[in-house]
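Coordinates in review
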Amino acid sequence: MSRNSRREASSTDRHSAGPSYSRDNSRDEPYRERSRSPRRFGRGGSYRERNNHNRYGESERRRGRDSVDSEDPSPRRKGPTQDPADEPERKRKILEKESTPSQLTAATSAPKCFRICGIPSDWSEDDLQGALQDNVDTSLRDQHPYQLSLYPACCGPTKTALLNLEKCTDYFYCLDLFEAKYERIPKTAHRTEAHLVIDCHFHDLTPLNTPDDEIIADVVAVTGLAGHAFGSWRSRETHLMWLKDFLPKDIKKLRIMTYGYNSSLVGGTKSARRMSDYRSNFIQQLENARSFAENRPIVFLGHSLGGILILQTLVELNRSPHHKHILDSIQGIFFFGTPHEGLRTNELENLVDNAIDGQDSKRNLLMQLKEGSEFLENQKHDLSYIWEGFKGKIISFFETVKTKTVKKIESKNFARDGDEAMMVTYFSAQLFLPCEHRLPVQKDHTNMVKFPSSVDTTYQAVVHYMEKCVGA
C-alpha cells in the first residue's frame, strides 16, 4: 500500500469510529457519575469535583427539562499540565458550556441560592454581609449585586439567611452538594462571635419569610423526588420563588417554611433512602419548629414524593399519641402531582441501575412509588381511618402536559431527551374524597409548582384555597 493510500485509510477509520463525547462538546447536558476522589482547586483547597448547578437549588431553569438528581463525575482529561491558578476560571467556562449537575439541568445565568444558618439574633444584614466579605469570601466585595434575605430561624434564637449570587464565586462554587461548611466568625467591636453553617442542599426546614408578630398558621412545603427545597419551587423564567416572593405579600401573618431531604437518584451520599427515616425526621423537625406553638394551625404543600411523605407523616401521627397535636392542627393539604396510585418509574429505574452508590435503597424507594405497589395500597388502607375524622381541606392539582423522560445517551450518561410521558396520571394524582377539590395544571410534572408570577392562574387558586384554610 502506498503512503497516500495508508493516509486515506487512516482518515476513513477515524471518521467511521463515530462521535466522541468530551466534557467541552457535550450538547445534551448528560449526567455523569462523578469520581469520588478529591482534587486541588486554586490555591490548594481540595474539593470533590462536581458540576455547579443544583447546589443552588435545582438550577432553576433548564430549557424545559425535568429534574433528576445526578453528579458530575467527569475526571480531568489527560493532557498538558495546567496552571492550578487557572483552574477556577477553567471550570467556570466549562459550566457555561454544559450542564451535568446534581439534578439534570441546562446551564443558565440565573442567581444561585445558598443557605446560611447559625446567625446570631442581634446581627443585621449589614453585619452578615461584613462577616461574609471579611472572614468567609473576600471576593464577595466585587459581587454586585447580590441579595441577602435574613429571617428568624425555624427553631431556636438564631437567624437564617438566603444568599442569591448572580455570579458564583470560587468559595461557593466549591461547596459540597450534600454537606455543610462551618465558619467561625471572630468577635469584633461591632458584632458578636458566630459559628455559621453554610450549605446548598437546603435539607430540613428553611424559613422563607419574617412573619408578623401574630402568626395565624404555619405553611410547610415539601419537595418531591430528587427535588430541592428551594429550587423545585422557583420559576425558570423569572427566577422568582413564589413561597418567598409572592405568598407572604398576598396572605399576611403566615410563617412559611420549605422542607428538604436527600432523595437523589444518582450520586449523593450512601445513606439509605427509607420512607420511615424520611417521615421520622420530618416529624421531629416539625416538633422542633413548633415547640412554643404546638396547636398552631398548619398547612402542608407536597409535590410528587413530597405529598407521599406528608401522607406517611399523617399515618405515623395517627399512631403516636405524642404527636397527635400536629395531626389535629392540620387545616389543609395541597397535593401537586402526588402519585397516590404510583408514578412512571421505568426510565428512573434505568438511571438508578447506573448509579455507583446506594443502588438498593434507591431502587427500593422507586419500587414503593411504582404504579400498583403494595406500599401505596397499604398507605390507602391506613389513611382510610384518618380521612373519616379529617376536618381540613384537601386540594389536589394534576398535570395535563407530558414530561420528557430520562434517556441514556452513552455509557453512564443520561439526558432528559426520551419520549414524553405522563409521569403521574389523572387518576393517580387524586384521592377522590368527597371533601377534595381537584384542579388541572397546564404544565408538566416539574413545572407545575414553578409559578412565574403572582397572576399565574394556578398560584391564584393556591391563594384562594389557602385563605380558606387559614381563615384569612
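Please refer to the structure placed before this passage.
Criteria and thresholds
Residues numbered from 1 in each chain as written. Predicted model: local features only at pLDDT ≥ 70, side-chain atom pairs only at ≥ 80, totals over all residues. Heavy atoms only, no water. Helix = DSSP H or I, 4+ residues; strand = E, 2+ residues; numbered from the N terminus. Buried < 20%, exposed > 50% of the residue type's maximum accessible area, 1.4 Å probe, protein only. Polar contact = N/O pair within 3.5 Å; in protein donor to acceptor, adjacent residues only side chain to side chain. Contact = heavy atoms within 4.5 Å. Phe/Tyr/Trp six-rings, centres within 6.5 Å; stacked < 30°, edge-to-face > 60°. Lys NZ or Arg CZ within 6 Å of the ring centre and 35° of its normal. Pairing = 2+ DSSP bridges. Axes fitted to C-alpha atoms, helices over the stretch in contact; angles between N-to-C directions.

**Focus: the side chain of Asp 199**
Looking at the element boundaries, Asp 199 is found in strand β7 (residues 194-199). Residue Asp 199 is classed as buried on the basis of its relative accessible area, which comes to 2%. Looking at Asp 199, its side chain comes within polar contact range of the main-chain nitrogen of His 201, at 3.2 Å. At 3.1 Å, the side chain of Asp 199 and the backbone nitrogen of Phe 202 are in polar contact. Those residues in contact with Asp 199 that lie beyond four places of it in its chain are Phe 114, Arg 115, Leu 175 and Ala 180.

**Considering the packing of aromatic side chains**
Under the counting rule described, the total for this entry stands at 18 aromatic pairs. For the ring pair Trp 233 and Trp 242, a centre distance of 6.0 Å and an interplane angle of 70 degrees mean the geometry is edge-to-face. By relative accessible area, Trp 242 is classed as buried at 0%. Among the aromatic residues, those joined into a cluster by ring pairs are Trp 233, Trp 242, Phe 246, Phe 336, Phe 397, Phe 451 and Tyr 459. It is Arg 115 that lies over the ring of Phe 202; its NZ or CZ is 5.5 Å from the centre. Above the face of the Trp 123 ring, Arg 191 is positioned so that its terminal group lies 5.9 Å from the ring centre.

**A closer look at the sheet that holds strand β6 (residues 181-185)**
Pairing between sheet strands relies on hydrogen bonds along the backbone, with the strands arranged either parallel or antiparallel. On the basis of which strands lie adjacent, the open sheet formed by five strands has the order β4-β5-β3-β7-β6 and antiparallel pairing. Strands at the two margins of the open sheet, each flanked by one partner only, are β4 (146-152) and β6. Each neighbouring strand pair of the sheet contributes to a mean axis angle of 25 degrees, computed without reference to strand direction. One ladder, built from three bridges, connects strand β3 (residues 112-119) with β7; its direction is antiparallel. Directly across from Arg 115, in β7, lies its bridge partner Asp 199.

**Section: the environment of Met 448**
Here Met 448 lies in the loop between β18 (436-441) and α13 (457-470). Taking the C-alpha atoms as reference points, Met 448 and Tyr 459, separated by eleven residues in sequence, lie 9.9 Å from one another. Not counting chain neighbours up to four residues away, the residues in contact with Met 448 comprise His 303, Phe 336, Gly 337, Phe 397, Phe 398, Glu 399, Val 441 and Lys 443.

**Topic: unusual backbone geometry**
The backbone phi angle of Lys 253 is positive, close to 65 degrees, even though this residue is not glycine. Structurally, the position occupied by Lys 253 is in the loop between α6 (247-250) and β10 (254-260). Judged by its relative accessible area of 33%, Lys 253 is partly exposed. One non-glycine residue, Ser 304, lies in positive phi territory at about 55 degrees.

**Some details on the side chain of Gln 430**
By secondary structure assignment, the location of Gln 430 is in the loop between β17 (420-421) and β18. A distance of 2.8 Å separates the side chain of Gln 430 from the backbone oxygen of Tyr 426, its partner in a polar contact. Among the polar contacts listed, one links the side chain of Gln 430 to the side chain of Arg 438, at a separation of 3.3 Å. With residues up to four places along the chain from it excluded, the contact list for Gln 430 reads His 340, Phe 398, Glu 436 and Arg 438.

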